[in-house]
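# Report on the structure
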Amino acid sequence: MQPFQEAIVHKLREMYHTDMKSATTKQLYNAVSQAAMDTCRDTWAQPVQGKTACYLSAEFLLGRLIHSNLMNLGLLKETEDLLNSAGINPNVFEDVEDDALGNGGLGRLAACFLDSAATQGIPLMGYGIRYRYGLFKQRFAYGYQEEDADDWLAWGDPWSVRREDQKVRVNFGDQSVWAVPYDMPIIGYGGKVVNTLRLWQAEAIQPFNFRLFNDQKYQEAVQQKNDAEAISAVLYPNDDTDAGKRLRLKQQYFFSSASLQSIFADYTAKCGTDYSKFAEQYAIQLNDTHPTVSIPELLRLLMTQGHMGFEPAFQVVQKTFAYTNHTIMAEALEKWNLSLFQSVLPEVYPYVVMIQNRLSNELVKKNITETGKYNIIQDGMIHMARMAIYSTHSTNGVAKIHTEIIKHSALPEWYALYPERFNNKTNGVTQRRWLALCNRELADFITERIGSGWVTDFSQMSRLKPYAEDQSSRQRFLEIKQEKKNQLADYMYRKDRFGLNTSNIFDIQVKRLHEYKRQLLNAFSILDMYFGIKDGRIQGFHPTTFIFGAKAAPGYYRAKGIIKFINEVANLVNYDNAVNRRMQVIFASNYNVSYAEKLIPAADISEQISTAGTEASGTSNMKFMMNGAVTLGTYDGANIEIVQNAGEENNYIFGARVEDLDKIKDTYDPVKLYEKEPRIRRVVDTLIDGTLTDGGSGWFAELYDSLLKGASWHKPDNYYLLLDFLPYCDARLQANHDYADRQAFAKKCLLNIAAAGPFTSDRTIRQYADEIWHI
Ligand code: CBF
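Numbers given for residues are sequential positions, taken from 1 along each chain in its written order. Per-residue local features are limited, in this predicted model, to residues with pLDDT of at least 70; the limit for side-chain atom pairs, both in listing and counting, is 80 or more; totals at the level of whole chains, interfaces and linings are taken over all residues.

The following threshold applies: UniProt positions are given in the numbering used here, feature names are shortened, and annotations may be inferred rather than shown by experiment.
The name an unreviewed UniProt entry gives the chain is Alpha-1,4 glucan phosphorylase, with Caproicibacterium lactatifermentans as the organism. UniProt, in the comment section headed Sequence similarities (unreviewed entry), describes the chain in these words: "Belongs to the glycogen phosphorylase family." The record in UniProt for the chain states the following under Cofactor (unreviewed entry): "pyridoxal 5'-phosphate".

See below:
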């Protein structure tokens, strides 16, 4: 036995008095994880040298940790061999819950950044919240989404260490709580560098009141405990929308203040009480506006504990912080009601006022009299994005088009004032999890051809390009794709009791459910194909399986209506014997990181169909690309950079561009399109003509109205589904047609893989380190 295998056996004995043969999955999971933790404790304990970057984020969507940690430590194979030798299926840990402490792209990006920084030896600490319940679990009941709590800690938390000695106190207007850190090792590939993710848990200062208990006031006796724990109880399930709630503000301040106190104490221990050099030691990146309250908090610490004057303290703040904007959706730009803010954070509010006063003076000096668009405090609200831009030295967008939109249409007044602060950092994903781990067959294929350097240097992927011309490589690629489809079919059968037809094209759209992402357009186009096949309009259609995966925020009823609609479309198609050998539609339930790891490698077509100008970047588009799917998408977010790199001819780009939409935005009339085009009418009418039923909820009629009548808060079809409908259907049928030439299609896929080099988060995080943090 190898030493690590012995360590696992030893852990089982020590922790559970059991052995490989009798251990439960949970025991095995904890024993393997603890044994792995032991191998990296020494490296982890090494102090960081020089400047540290701190990534403050309300979300870290890590997914399941065990496989990626074992891979990065080089212990995955040994573990699997041990499991095999004990007659245990190496997939046994597929039952272990994901760490789902994030909603979607923003939280998953944070997780990729941690992996990339540790792998490249960049000292990056993550700071966030240890939610007791992560993103809800999704079930379908009669096609409707139902939500259950995500009890991720039921499996134990072997990858965290509670640091009681490092707890700090966080004060609100109406309560004080402990913030207790749980530290997770972030193991770089090869295990040479281990950074830290610190997640804070809220706990009561006085968890139990004996006096109240003695007075038989049992509820009141534990009131403080309940109120404290509520702060880190649950992740807000909104993606791209602002929750605007008191508890949410408490969460934001809770982890911001705790992180800042911890960083401040580290600085003091390292450098003493001269805080003027703070920014030489720490760079703090704000992941969206969620941690922006850190700005007045650092100011408060510098002025109260560091005894600095306002101006020098503000200079330090500005040099320390940088801000990333992840969306321009108006509903996501956080604003806090002034009186709410004052009552929750009375000790912080004066520092917000000081920042506003400084801004006002600066605007006067610059002769700007129209200050309404700049003011941090305006119309009874505190505008967090404005505070973030004003008080930091860098504001970045997450794809080229997104950064341009920020500069020229979303926040042009700020760009005019401080053009030097704005910069772009196109997102990326870690190829270690999203290729090496989730698609080992393709990883071997690549390594056999170009060596293994790509695992840590993704620019080497371009060396794969010549193999797109090589017939045997294309053949092998097709075999691998088939294998991944077979694996997905097994998995989906287990998870969703659905039998995939694995000789079909796999056309996949997986992401959060949002109107701007246009899952409804996808469903309309499936209906159009369905009718077209039945009518005989569409001939020579290559059988296709259309897969969706998406969670809707529980309070987002329109998104829930879209889920129900897609599930109804699935029923219509799958039970119709006239077409179901040519089409299948399936909505994967509870889409999460682990499901993504199965779905993405099996895809032929990656659906990236957001309205131009709405998806800041997207990151699943990159994961699909590196796994050899072609992009069927709009000119939006990082799709643009993807197809520029991989060739438009190797992808399927359709639909109106931002500049087209700008021209028609005041005159666009979807009713005209609906009246003129029978194919549009036919699919849209399925919402109200009884073809599909919403079970009397009224949700489908509401969707119909949203497209043709609008609502009090938006114009009809504000995401231009009907405008892009025909071009989308055409592009989709073109891809379907092209697929028939398997060799030519495989060539497109390989050229996409070979062009994926820039879309690694290794490149992105390097750019943050070089250009923003100067590390
Ligand atoms: O930048 C990461 C991702 O963030 C979002 O998910 C977000 O929450 N704002 C955006 O919607 C994505 O486009 C982006 O890729």
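### A closer look at the overall build of the chain
For clarity, the threshold we go by: Helix and strand assignments follow DSSP, with helices taken as H or I runs no shorter than four residues and strands as E runs no shorter than two, numbered in order from the N terminus. Throughout, radius of gyration means the C-alpha value; the globule benchmark is 2.2 Å times the number of residues raised to the power 0.38. Residues with at least 20 other C-beta atoms within 10 Å of their own are called buried, those with 12 or fewer are called exposed, and the rest are partly exposed. The C-beta atoms themselves are positioned from the backbone. Whether two residues are in contact depends on their C-beta atoms, placed from the backbone: they are in contact if these lie within 7 Å.
When helices and strands are tallied, the chain shows 32 helices and 23 strands. Computed over C-alpha atoms, the radius of gyration of the chain comes to 26 Å, within 12% of the 28 Å expected from 2.2 N^0.38 for 775 residues, which places it in the range of a compact globule. Projected onto the principal axes, the alpha-carbon positions of the chain cover approximately 80 × 75 × 60 Å. Looking at the chain as a whole, 52% of its 775 residues are labelled buried. By sequence separation, contacts in the chain at least 24 residues apart represent 75% of the contacts at least 6 residues apart.

### Concerning the site of the ligand
For clarity, the cut-off: Each residue receives a C-beta atom placed from its backbone. It is near a molecule or strand if this atom lies within 6 Å of it. Residues are grouped as follows: nonpolar covers Ala, Val, Leu, Ile, Met, Phe, Trp, Tyr, Cys and Pro; charged covers Asp, Glu, Lys and Arg; every other residue, Gly included, is treated as polar. The start and end points of each domain follow an automatic or database-based domain assignment.
The immediate surroundings of the ligand are formed by 16 residues, with G105, L106, H326, T327 and S617 found nearest. Its residues assigned to classes, the shell around the ligand shows four nonpolar, nine polar and three charged. Residues lining the shell around the ligand come from more than one domain, with at least three contributed by each of domain 1 (3–427 + 766–773) and domain 2 (431–759).

### Observations concerning the nonpolar core
We apply this condition: Joining buried Ala, Val, Leu, Ile, Met, Phe, Trp, Tyr and Cys residues through C-beta atoms within 7 Å gives a set, and that set is a nonpolar core.
Formed by 238 residues in total, the largest nonpolar core has its most connected members in V569, L599 and L750. If you count residues domain by domain, this core takes at least three from each of domain 1 (3–427 + 766–773) and domain 2 (431–759). Once you skip the residues sitting within four places of it in the chain, L750 turns out to touch L464, Y467, A468, S473, R474, F477 and G628.

### Quick notes on the sheet that holds strand β13 (residues 335–337)
Filter applied, for reference: The pairing criterion is simple: DSSP has to find at least two bridges between the two strands.
If you walk across this open sheet you meet the three strands as β13-β15-β14, and the pairing is antiparallel. Unpaired on one side and paired on the other, β13 and β14 (377–378) mark the two borders of the sheet. Here two bridges tie β14 to strand β15 (residues 381–383), and the two strands are oriented antiparallel to one another. Following the sheet pairing, I377 is matched in β15 by I382.

### Notes on the sheet that holds strand β20 (residues 583–588)
The cut-off we apply is this: To get an axis, a line is fitted to the C-alpha atoms, and for a helix only the part in contact is used. The angle between two axes follows their N-to-C directions and goes from 0 to 180 degrees.
Ordered in space as β20-β19-β18-β21-β22-β23, the six strands form an open sheet in which the pairing is parallel. Of all the strands in the sheet, the pair left with one neighbour each is β20 and β23 (652–653). Helix α30 (residues 721–739) contacts β18 (505–510), β19 (544–549), β21 (605–608), β22 (630–633) and β23 of the sheet and is inclined by roughly 160° relative to β22.

### As for the domain arrangement of the chain
As assigned here, the chain comprises domain 1 (3–427 + 766–773) and domain 2 (431–759). Taken together, the contacts link 44 residues of domain 1 with 35 residues of domain 2. Those elements that provide at least two residues to the side of domain 1 that touches domain 2 are β2 (60–63), α3 (66–73), α5 (105–119), β5 (137–141), β6 (144–148) and α16 (400–410). Of all the elements, α5 adds the most residues to the side of domain 1 that touches domain 2, at five residues. Looking at the side of domain 1 that touches domain 2 residue by residue, the class counts come to 16 nonpolar, 18 polar and 10 charged.

### Quick notes on the packing of helix α9 (residues 246–271) against helix α11 (residues 294–304)
Formally: Here the word oblique covers every angle except those under 35 degrees (roughly parallel), over 145 (roughly antiparallel) and from 65 to 115 (roughly perpendicular). A crossing counts as left-handed when the near helix is turned anticlockwise from the far one by less than a right angle, and as right-handed when that turn is clockwise.
Put simply, α9 and α11 touch, their axes get as near as 9 Å, and they point 40° apart. As summarised for this structure, α9 and α11 are arranged oblique, according to the angle between their axes. In terms of crossing hand, the pair formed by α9 and α11 is right-handed. Here α9 contributes S256, S257, L260 and F264 to the contact with α11, which in turn contributes S294, E297, L298 and L301.

### What about the pairing of strand β12 (residues 321–324)?
Side chains F321 and Y323 of β12 all project onto a buried face; the interleaved residues A322 and T324 project onto the opposite face, where all are buried too. Of the pairings in the sheet, the one linking β12 to strand β16 (residues 395–397) comprises two bridges and is parallel in character. The partner of Y323 across the bridge, within β16, is T395.

### Re the UniProt feature "modified residue: N6-(pyridoxal phosphate)lysine" (unreviewed entry) in the chain
Mapped onto this structure's residue numbering, the UniProt feature "modified residue: N6-(pyridoxal phosphate)lysine" (unreviewed entry) falls at K623. In this structure, K623 sits in helix α24 (residues 620–626). Overall, the presence of 30 C-beta atoms within 10 Å leaves K623 in the buried class. Not counting residues up to four positions away in its chain, the partners in contact with K623 are V429, W434 and I600.

### Quick notes on the packing of helix α21 (residues 519–535) against α30
Interaxial distance between α21 and α30 falls to 10 Å at its minimum, and their mutual angle equals 55°. With respect to their mutual orientation, α21 and α30 come out oblique. The way α21 lies across α30 gives a crossing that is right-handed. Touching L520, L521, F524, S525 and D528 of α21 are L721, D724, F725, Y728, C729 and R732, all from α30.

### Observations concerning the pairing of strand β9 (residues 176–187)
Across two bridges, the pairing between strand β7 (residues 161–162) and β9 is antiparallel. Each residue of the ladder has a partner; that of R162, found in β9, is Y182. Where strand β8 (residues 168–171) meets β9, four bridges bridge the pair, whose relative direction is antiparallel. Within the sheet, the bridge partner assigned to R169 lies in β9 and is W178. Linking two consecutive strands that pair antiparallel, namely β8 and β9, is a turn of four residues. Count of turn residues in the β9/strand β10 (residues 194–204) antiparallel hairpin: six residues, of which G190 carries a positive phi of about 100°.

### Considering unusual backbone geometry
Positive phi outside glycine occurs at Y142, with the angle close to 55°. As for its position among the elements, Y142 is in the loop between β5 and β6. Judged by C-beta crowding, with 9 C-beta atoms within 10 Å, Y142 ranks as exposed. Residues other than glycine seldom take positive phi values, yet D717 does so here, at roughly 45°.

### Re the confidence of the model for the chain
Predicted coordinates in areas of low pLDDT are best not read in detail. Stated precisely, the cut-off is as follows: Each residue carries a pLDDT score, the predictor's own confidence in it, on a scale running from 0 to 100.
The share of residues in the chain with pLDDT of 70 or more is 100%, and the mean pLDDT across the chain is 97. As scored by the predictor, the complex reaches a pTM of 0.98 and an ipTM of 0.99.

### Digging into helix α14 (residues 349–365)
To keep it simple, the criterion reads: Multiplying 1.5 Å by the residue count of a helix minus one yields the expected span of that helix. In this description, the arc belongs to the directions extending from the helix axis to the C-beta atoms.
Taking 1.5 Å of rise per residue, 17 residues should cover 24 Å, and α14 covers 25 Å from first to last C-alpha, within 8% of that figure. Where α14 is concerned, the buried positions are Y351, V352, I355 and Q356. For α14, the buried positions fall inside an angular range of 145° around the axis, keeping them on one side. The exposed set on the far side of α14, more than 90 degrees from its buried face, consists of N361, V364 and K365. Summarising the contacts, the buried residues of α14 are in contact with α11, β14, β15 and α15 (384–391).

### What to know about the environment of V579
Position of V579 among the secondary structure elements: in the loop between α22 (557–574) and β20. Leaving out residues up to four positions away in the same chain, V579 has contacts with Y530, I533, K534 and V573.

### A word on the environment of A110
Within the secondary structure layout, A110 lies in helix α5. The exposure class assigned to A110 is buried, which follows from the 26 C-beta atoms found within 10 Å. When the C-alpha positions of A110 and E59 are compared, they lie 7.5 Å apart, and in sequence the two are 51 residues distant.

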